[in-house]
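# Topology and contacts: notes
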Amino acid sequence: SQTIHQWPATLVQPVGSPLSLECTVEGTSNPNLYWYRQAAGRGLQLLFYSVGIGQISSEVPQNLSASRPQDRQFILSSKKLLLSDSGFYLCAWRDRLRDGYTFGSGTRLTVV
Amino acid sequence: AQSVAQPEDQVNVAEGNPLTVKCTYSVSGNPYLFWYVQYPNRGLQFLLKYITGDNLVKGSYGFEAEFNKSQTSFHLKKPSALVSDSALYFCAVRDLTSGGSYIPTFGRGTSLIVHP
């Protein structure tokens, strides 16, 4: 079966510290992968998307970066966190057969 | 370009009453429309989608949505609301002619509150 795993569920990090959030997908190959940020519990902002290994597109300029080292692995990173990076981060993938989108359970990041 | 508008930040309804959560969209081609629900501190869960065919789409948990091309709307409905339906609801659209990235655009979300 197809599943998506996202971890950690919650994270508290000091300003200036690095960040690494991981997302993996099982049961499919060559998925389109997406990172979203949800601020203040409302709208979703697309941060990055990837159509294949090593192919990353950024939607907005920011303090974050993304990488896709393997087909079903998508990583969100930062070298130095800012207070404004706090939020709820969601990973998603596109199911080609159903042509739908499945979301991970999210990571609540608090930068202090 | 594609966009979605959810004009209501919050919808309040009494348990047992019908509910409607509004959504309008804009795409240059044919729309592919979705509704998702989000419970606190959780990911988005798929409710239903419309690509083509019958304008009334039935989805999970008794929800349905009506596609109206002339009004460019895709309102979410349920005949009888439950307290457990209280959550944040997102409408999303994708232009069917978009290729490669297949990026959907999400609305800002509508908070549904069902009162006992």
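Note: the structure precedes this text.
### A few points about the overall build of chain A
- Tallying secondary structure elements over chain A gives zero helices and 11 strands in all.
- Going from the N terminus to the C terminus, chain A shows its helices and strands as β-β-β-β-β-β-β-β-β-β-β.
- Rg of the C-alpha trace for chain A: 13 Å, near the compact-globule value of 13 Å for 112 residues, within the 12% margin.
- Overall size of chain A, expressed as C-alpha extent along the three principal axes, is 40 × 25 × 20 Å.
- The buried share of chain A, reckoned over its 112 residues, is 50%.
- Considering only contacts within chain A whose residues lie at least 6 apart along the sequence, 54% involve residues at least 24 apart.

### Brief notes about the pattern of salt bridges
Residue and element names in this part refer to chain B.
- Considering all chains together, one arrives at five salt bridges over all chains under this definition.
- Between K58 and E64 there is a salt bridge, and its shortest N-O distance comes to 2.9 Å.
- According to the relative accessible area criterion, K58 is exposed, its value standing at 63%.
- Residue class for E64 comes out buried when judged on its relative accessible area of 18%.

Cut-offs used in this document
Residues numbered from 1 in each chain as written. Chains lettered and ligands numbered in written order. Predicted model: local features only at pLDDT ≥ 70, side-chain atom pairs only at ≥ 80, totals over all residues. Heavy atoms only, no water. Helix = DSSP H or I, 4+ residues; strand = E, 2+ residues; numbered from the N terminus. Rg over C-alpha atoms; globule rule 2.2 N^0.38 Å. Buried < 20%, exposed > 50% of the residue type's maximum accessible area, 1.4 Å probe, protein only. Contact = heavy atoms within 4.5 Å. Salt bridge = Lys/Arg side-chain N within 4 Å of Asp/Glu carboxyl O.

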